[in-house]
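Single-letter residue listing:
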Amino acid sequence: MLWLYSTSAVSRRISVSWLMATNSKIKPQRLPPSAADSSLALESSVKRANTMSTHSSIKDAFSIYTDYLNALNEKRERVVKASRDVTMNSKKVIFQVHRISKNNKEEVLEKAEKDLAAVTDQHMSRLVKELQGTDFWKLRRAYSPGVQEYVEAATFFKFCQTGTLLKLDEINASLLPLSDPSLEPLQINLLDYLLGLADLTGELMRLAIGRISDGEVEFAERICRFVRDIYRELTLVVPLMDDSLDMKLKMDTMLQSVVKIENACFSVRVRGSEYTPLLGSSDPSSFLLGVSDVEL
Amino acid sequence: MKSAFRNAYYLTLSRFSLNPNASILHLVPAVSTFSSPPSSVFKNLSFRSPLTATLSSASMVGGDSDAPQSSPSLEKQFEKFRVELEDSGILRERIRAVVLEIESATRLMQASLLLVHQSKPIPEVLEKAKARINVLKDLYNKLAEVVRECPGQYYRYHGDWRSETQMIVSLLAFMHWLETGTLLMHTEAEEKLGLNNSDFGLDVEDYLIGICFMSNEMPRYVVNQVTAGDYDCPRKVLTFLTDLNAAFRMLNLRNDFLRKKFDSMKYDLRRVEEVYYDVKIRGLATSGDSVGDQGTQGQS
């Protein structure tokens, strides 16, 4: 994955705008979180400009708008970059977790946990710094893919660790330490969480199929039940989401994933048991050791 | 003996089409009527119905365990989500209702302003249009109140009022120019709409796009003014648009909607230049005497 940025073009534009900015008497500030802040700056410059001719007052006003747009676009670029890094590194976590099997569960999860913590500390923290105030919603399209991937990685890891779903509150609590008390914390919003959850089911499907081919059918069946539950809960919630079209498409894919897992479990029960003993509680290395069988 | 059981088992199953979606595992207990098999293979073959399997695996998982239905904390979380989303959905409905009213008030304002192309006297036209501004001010106030209920989410719902706001800015800017010959500033536009507080302002990009829409109206206005005999208009409009264009060129625009609108402004400027040229070379610009056929030629 190569992210090419025309950094030279960007720096050229920045230098031009700084030239313009120094002509105006207002010192360029950090992106004002709301339109009103910029309007306060505009107001003071307009009052000054009214004493001059119309021509230069337009120029003055527009130099303010230039500053505003430059700050906004630069911030947006930084957010996009951070989001891409979050995406890439979250994918690495997911690949790591996929390596799991009954033999290496501990080591795989340990490494995954470290990697996930690295994503949080190194990359999510950049988003925390950039997104303040109205930025959360204004720049959502810039950071949403990254956050979705992060949710996917974190929930995937949690499931393999404990078999449960990482809740939105829990994931947000883990992000609180990233920000200074003076800054607004980055809190993943409901929509990004649900979108990430939809992607999670795809990974779980892959995991289930993989585990089945290693004979770990019980694990796969647990995944199956888990994914079914998520799908069921989501059907109630998805139609209510903002711009629910993306999510509705993901729901179709999700149902296909559920069916794939169910079919795979079915196939191995029906056909596979004839040739290989299933990894059940009698296998001494199984993590189902000690579980009593139910005989009918 | 084992193989016989297996064959019988598979015979039972094969009678039914192996439709994976059918819950076929419930047939498995029926096999036990043959006899209780000693082999571990059959023991592991899921005489565990899905229910019992869940219970047995539940006992090994530490922490939250999967109950036969999804765990209560899972249900709770999604119930909370559902309530949140329903609330935001209701808020969005209310926003859309106000925006519909804004839209119709805008259309009325636009209709009155369009009279300017038919050479109705400007003060009269402006009078009618200005009356609408107060209506709009109230409606935007209403909108601000609704949005205030979810602080910080201006941009979540921004798309719902974005295009109407852009249209309104263009109308206000046009009116301002007709009155004063100058450009309506962002702060002035905000004031006219009563959007002066820190939670519901006028987005700068909306303002800039609105200005571009205003410039789109200029060529048509100029043409109609010349037809009606006002030969001074092109010069004024040309200076104005040139200044505006120069100001816009200061902006570092990325390839988005605003950029496209700015590009279209170049064509407006060119059209006005053509009209000004036509009027100038025929010596019409200096005096307002020759009307009629000279005027119509000015439109080529």
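Residues numbered from 1 in each chain as written. Chains lettered and ligands numbered in written order. Predicted model: local features only at pLDDT ≥ 70, side-chain atom pairs only at ≥ 80, totals over all residues. Heavy atoms only, no water.

Trainee: Describe in detail the overall build of chain A, supporting the description with residues and values.
Mentor: Across its full length, chain A carries 10 helices and 0 strands. In sequence order, chain A lays out its α and β elements as α-α-α-α-α-α-α-α-α-α. Residues classed as buried in chain A amount to 55% of the 296 residues present. Restricting the contact set of chain A to residue pairs at least 6 apart, pairs at least 24 apart contribute 74%. Carbon and sulfur atoms form 57% of the exposed surface of chain A, whose accessible area is close to 13600 Å². (Helix = DSSP H or I, 4+ residues; strand = E, 2+ residues; numbered from the N terminus. Buried < 20%, exposed > 50% of the residue type's maximum accessible area, 1.4 Å probe, protein only. Contact = heavy atoms within 4.5 Å. Areas by Shrake-Rupley, 256 points an atom, 1.4 Å probe, with all protein chains shown as cover.)

Trainee: Please set out the nonpolar core residue by residue, giving values where relevant.
Mentor: Ranked by internal contacts, the top residues of the largest apolar core, which has 155 residues, are Phe62, Leu127, Ile188 and Leu194 of chain A together with Leu208 and Phe248 of chain B. When residues of this core are sorted by domain, at least three fall in each of domain 1 (75–188) and domain 2 (190–272) of chain A. (Core = buried A, V, L, I, M, F, W, Y, C linked by side-chain atoms within 4.5 Å. Domains from an automatic or database assignment.)

Trainee: Break down the confidence of the model for chain A for me, with residues and values.
Mentor: For any part of a model where pLDDT is low, the fine detail of the predicted coordinates should not be relied upon. Residue and element names in this part refer to chain A. In the predicted model, chain A carries a mean pLDDT of 80, and the fraction of residues at 70 or more is 73%. A low-confidence stretch, residues 13–41 stays under pLDDT 50, and its non-local contacts, those more than four residues away or across chains, total 45 contacts. A low-confidence stretch, residues 44–52 (pLDDT under 50), is modelled with 10 contacts involving residues beyond four sequence positions or located in other chains. (pLDDT = per-residue confidence, 0-100.)

Trainee: Hey, could you go over the domain arrangement of chain A for me, with residue numbers and the actual values?
Mentor: Residues and elements named next belong to chain A. Looking at the assigned domains, one finds that chain A contains domain 1 (75–188) and domain 2 (190–272). Tallying the contact residues gives 24 residues for domain 1 and 22 residues for domain 2. Buried area between domain 1 and domain 2, both sides added, is near 2000 Å², and the carbon and sulfur share of it is 67%. Of all residues in domain 1, the largest losses of buried area upon contact with domain 2 belong to Gln148, Glu152 and Phe159, amounting jointly to 29% of the total for that side. Taken together, the links from domain 1 to domain 2 amount to 1 salt bridge. In this assembly, domain 1 and domain 2 are joined by 7 residue pairs in polar contact (both at pLDDT 80 or more). The set of elements that each furnish at least two residues to the side of domain 1 that touches domain 2 consists of helix H3 (54–98) and helix H6 (140–162). Across the side of domain 1 that touches domain 2, the residue classes tally to 13 nonpolar, 7 polar and 4 charged. (Buried area = accessible area lost by both parts, 1.4 Å probe. Salt bridge = Lys/Arg side-chain N within 4 Å of Asp/Glu carboxyl O. Polar contact = N/O pair within 3.5 Å; in protein donor to acceptor, adjacent residues only side chain to side chain. Nonpolar A, V, L, I, M, F, W, Y, C, P; charged D, E, K, R; others polar.)

Trainee: Can you break down unusual backbone geometry residue by residue, with the values?
Mentor: At Asp243 of chain A, a position not held by glycine, the phi torsion is positive, near 40 degrees. Among the structural elements, Asp243 of chain A can be located in the loop between helix H9 (217–237) and helix H10 (245–270). What makes Asp243 of chain A exposed here is its relative accessible area of 64%. Non-glycine residue Ser119 of chain B carries a positive phi angle of around 55 degrees. Assignment of secondary structure puts Ser119 of chain B in the loop between helix H5 (72–114) and helix H6 (122–148). Among the residues examined, Ser119 of chain B registers a relative accessible area of 39% and is labelled partly exposed.

Trainee: Describe the environment of Leu200 of chain A, listing the residues and the values that go with them.
Mentor: Residues and elements named next belong to chain A. Following the sequence through the fold, Leu200 ends up in helix H8 (residues 190–213). Since its relative accessible area comes to 0%, Leu200 is described here as buried. For the pair formed by Leu200 and Ala154, sequence separation is 46 residues and the distance between their alpha carbons is 9.3 Å. Leave out the neighbours within four places in its chain, and Leu200 touches Glu152, Thr155, Phe156, Leu165, Phe226 and Ile230.

Trainee: Which residues make up helix H7 (residues 168–175) of chain A, and what values do they have?
Mentor: Within the span of H7 of chain A, buried status applies to Leu168, Ile171, Asn172 and Leu175 of chain A. For H7 of chain A, the arc enclosing every buried residue in end-on projection is 100 degrees, short of the 170-degree limit, so these residues lie on one face. In the core, the buried residues of H7 of chain A are packed alongside helix H4 (105–130), H6 and H8 of chain A together with H5 of chain B. (Arc of directions from axis to C-beta.)

Trainee: Can you break down the environment of Glu217 of chain B residue by residue, with the values?
Mentor: Among the structural elements, Glu217 of chain B can be located in helix H10 (residues 204–227). For Glu217 of chain B, a relative accessible area of 28% puts it in the partly exposed group.

Trainee: How would you summarise the side chain of Gln96 of chain A if you had to cite specific residues and measurements?
Mentor: Residues and elements named next belong to chain A. Mapped onto the fold, Gln96 is located in helix H3. At 3.4 Å, the side chain of Gln96 forms a polar contact with the backbone oxygen of Val108. Not counting residues up to four positions away in its chain, the partners in contact with Gln96 are Val108, Lys111, Ala112 and Asp115.

Trainee: With reference to specific residues and values, describe the environment of Gln187 of chain A.
Mentor: With respect to the helices, strands and loops of the structure, Gln187 of chain A is situated in the loop between H7 and H8. Gln187 of chain A has contacts with Phe136, Asn172 and Leu176 of chain A, leaving out every residue within four places of it along the chain.

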